[in-house]
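Architecture at a glance
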Amino acid sequence: MRHIDPNELRKDFPILDRTVHGNPLIYFDNAASSQKPRQVVEAMVDYYYNHHANVHRGAHTLSVEATELYEQARKKVARFLNAPTERSVVFTRNTTEAMNLVVHSWGREHLRSGDEIIVSVAEHHANLVPWHLQAESLGITIKTVGLTDQYRLDLDGLEQAITDRTRLISIWHMNNVLGAINPIRKIADLAHAAGALLLVDGAQAAPHVKVDVQALDVDFYTLSGHKMCGPTGAGALWARADVLAGMPPFLGGGEMIGKVYLDHSTYADIPFRFEAGTPNIAEVIGLGAAVDYLEAIGLEAIFEHDQQLTRYALEKLKPLDGIMLYGPEGDDRGGIIAFNIDGIHPHDVASVLDEAGIAVRAGQHCAQPLMRSLNVPATARASFYLYNTFEEIDRFVDVLVRTRDYFAAHV
Ligand code: PLP
């Protein structure tokens, strides 16, 4: 396996050369959205400068070229996930839209009153609110599984929650607050043994972990391009082809039809049935370029780098008094560290860090039920990626310690 040289990779990311409040930017907000390499931006510029036209519609050269670039991106995403066929890769705007697509289309087709779906207390709102929007009209019950005291999914609790009414388990792959990585293959086996399907929220895992939808034996997998070096506005839903083929359309309009009459329509085959209207062509092409970029580095090398940074940061943070950390021990976690400084609101922590040029997220991370279960109003969160360095972590910890000491002395 190749090892990452972040200083070499940083040359691909012009934004990392800028300063914030007079300090070199340290970008530790990758779980919210990663930065973009030149290769991705240039792929989009090349499309706009040289190939732009609408896709799937024209016989003219530009439309054929645009369609080819767009469909190549579908093949790249399929390859990235080791999907058996690109026919079951549906482009969406992001993970949120992909989750909504499954809930609306698969859920409305397959769920009946009295059925149960299982989520955890630590889901992103994108895996809760779509269910809330449908639960009442479908008459389904949303069951929730908690965490162990080690901030991991309670697998015993999950097993106990499964009944003969369970139709779907819908769960995160890497948690966006705790960094914990779920044993997806094990969860898939539990779901399938009960005759249920598994929907995986891959928003955080796909950028950092090699995902193989066949080895994981999942039924649905979702991702957001903007968290994996791609542009905003392009994400994907992968679903098992036979499952996707049995799902009705989510949105209606052009592109997704077979025949349209005044009073009814027939619908296109997969995946086009789920891509109504003109898609985000440039963004999808950018997502394809992001996949090429990540694969050229290697997902194994990226994950190794994330883990090294995380171990290094945790070794420095754990001994510090007054700094609380929320996340599991061990290697099976990604480069996400949620923390608080005793007595200081995380928004204030984030503001002080910003003054020093360090970008972290502070708030509830679209995970209000998790915040309640951790019994904290909010946390700060540092999250790493392939261009982050050990020196940046040194500076981050240094500013945190000074912040803690300053507030202790003055407030
Ligand atoms: N799921 C998880 C675990 C996330 O971390 C996020 C975004 O932070 C989402 C879903 C939603 O992603 P998007 O806003 O790109 O739809």
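Fair warning: this is a prediction, and the values are worked out from it, not measured in the lab. (Residues numbered from 1 in each chain as written. Predicted model: local features only at pLDDT ≥ 70, side-chain atom pairs only at ≥ 80, totals over all residues. Heavy atoms only, no water.)

The next subject is the overall build of the protein chain. On a plain count of helices and strands, the protein chain comes out with 14 helices and 17 strands. A compact globule built from 411 residues should have a C-alpha radius of gyration of about 22 Å, and the protein chain, at 22 Å, falls within 12% of that. Once the C-alpha set of the protein chain is aligned to its principal axes, its extents read approximately 75 × 55 × 40 Å. For the protein chain, contacts bridging at least 24 residues in sequence account for 71% of all contacts bridging at least 6. Approximately 16900 Å² of the protein chain is accessible, and the part contributed by carbon and sulfur atoms is 51%. Each charge sign in the protein chain was given a centre, from 36 positive and 52 negative side chains, and these centres are 2 Å apart. (Helix = DSSP H or I, 4+ residues; strand = E, 2+ residues; numbered from the N terminus. Rg over C-alpha atoms; globule rule 2.2 N^0.38 Å. Contact = heavy atoms within 4.5 Å. Areas by Shrake-Rupley, 256 points an atom, 1.4 Å probe, with all protein chains shown as cover. Lys, Arg positive; Asp, Glu negative; His and termini not counted. Charge placed at Lys NZ, Arg CZ, Asp CG, Glu CD.)

With that out of the way, let us pick up the site of the ligand. Close to the ligand lie 13 residues; T96, D201, Q204, S224 and K227 are nearest. In the environment of the ligand, an oxygen atom lies 3.4 Å from a nitrogen or oxygen atom belonging to the backbone of T95. The side chain of H226 places a nitrogen or oxygen atom 2.7 Å from an oxygen atom of the ligand. Isolated, the ligand exposes 390 Å² of accessible area, and the fraction of that covered by the protein chains is 89%. Of the residues in the shell around the ligand, the class split is three nonpolar, eight polar and two charged. (Near = heavy atom within 4 Å. Polar contact = N/O pair within 3.5 Å; in protein donor to acceptor, adjacent residues only side chain to side chain. Nonpolar A, V, L, I, M, F, W, Y, C, P; charged D, E, K, R; others polar.)

Spatially, four strands are ordered β13-β14-β17-β16 in an open sheet, and the strand pairing comes out antiparallel. The sheet is open, and its two edges are formed by β13 (323–326) and β16 (361–363), each paired on a single side. The average angle at which neighbouring strand axes cross in this sheet is 30 degrees, direction not considered. As defined by bridge partners, strand β14 (residues 336–341) adjoins strand β17 (residues 379–383) across four bridges and the pair is classed as antiparallel. Looking across to β17, one finds that F339 is bridged to A380. Strands β13 and β14 of the sheet are contacted by helix α11 (residues 299–317), whose axis makes an angle of about 20 degrees with β14. (Pairing = 2+ DSSP bridges. Axes fitted to C-alpha atoms, helices over the stretch in contact; angles between N-to-C directions.)

As a further point, take helix α7 (residues 184–193). Listed as buried for α7 are I184, I187, A188, L190 and A191. Buried residues of α7, seen end-on, are gathered within an arc of 160 degrees and therefore sit on one face of the element. Opposite the packed face of α7, turned more than 90 degrees from it, sit the exposed residues K186 and A193. Where α7 terminates, the next one or two residues include G195, which has phi positive at roughly 75 degrees. (Buried < 20%, exposed > 50% of the residue type's maximum accessible area, 1.4 Å probe, protein only. Arc of directions from axis to C-beta.)

If you trace the backbone, L317 turns up in helix α11. In this structure L317 comes out as buried when scored by relative accessible area, which is 1%. Remark: the alpha-carbon pair of L317 and D219, spanning 98 residues in sequence, is separated by 38 Å.

Time to look at the nonpolar core. Generally speaking, nonpolar side chains in soluble globular proteins are found buried as a group. Membership of the largest hydrophobic core comes to 87 residues, with the highest contact counts inside it found for L198, Y221, L294 and L386. At 11 residues, helix α10 (residues 281–297) tops the list of elements feeding residues into this core. Leaving out residues up to four positions away in the same chain, Y221 has contacts with L81, H173, V200, G202, A205, A206, V211, V213, A236, L237 and W238. Formed by 27 residues, the second largest nonpolar core is a distinct cluster that contains L320, I341, V349 and V360. (Core = buried A, V, L, I, M, F, W, Y, C linked by side-chain atoms within 4.5 Å.)

This paragraph deals with a nonpolar patch on the surface. A cluster of nonpolar side chains, namely V41, V45, Y48 and Y49, defines an oily patch on the protein surface of about 430 Å² accessible area. With respect to the helices, strands and loops of the structure, V45 is situated in helix α2 (residues 38–51). Owing to a relative accessible area of 33%, V45 belongs among the partly exposed residues under this scheme. (Patch = residues over 30% accessible without salt bridge, like charges linked within 9 Å, V, L, I, M, F, W, Y side chains within 5 Å. Salt bridge = Lys/Arg side-chain N within 4 Å of Asp/Glu carboxyl O.)

Take the pairing of β14 next. Taken residue by residue, a regular strand's side chains alternate between the two faces of the sheet. Counting buried positions along β14 gives six out of six residues, so the element sits mostly inside the fold. Both β13 and β14 contribute to a ladder of four bridges, which runs antiparallel. Paired with I323 across the bridge in β14 is I341.

Two elements in contact, α11 and helix α14 (residues 390–410), have axes whose closest approach is 10 Å; the angle formed by their N-to-C orientations is 25 degrees. Comparing the axis directions of α11 and α14 gives the class roughly parallel. When you trace α11 past α14, the crossing you get is right-handed. Together, Q308, L309, Y312, A313, K316 and L317 of α11 and F390, I393, D394, F396, V397 and L400 of α14 make up the contact between the two elements. Residues belonging to the contact of α11 with α14 are distributed by class as follows: nine nonpolar, one polar and two charged. (Parallel < 35°, antiparallel > 145°, perpendicular 65-115°, else oblique. Left-handed = near helix turned anticlockwise from the far one by under 90°.)

Interpretation in functional terms is not warranted from these geometric data alone.
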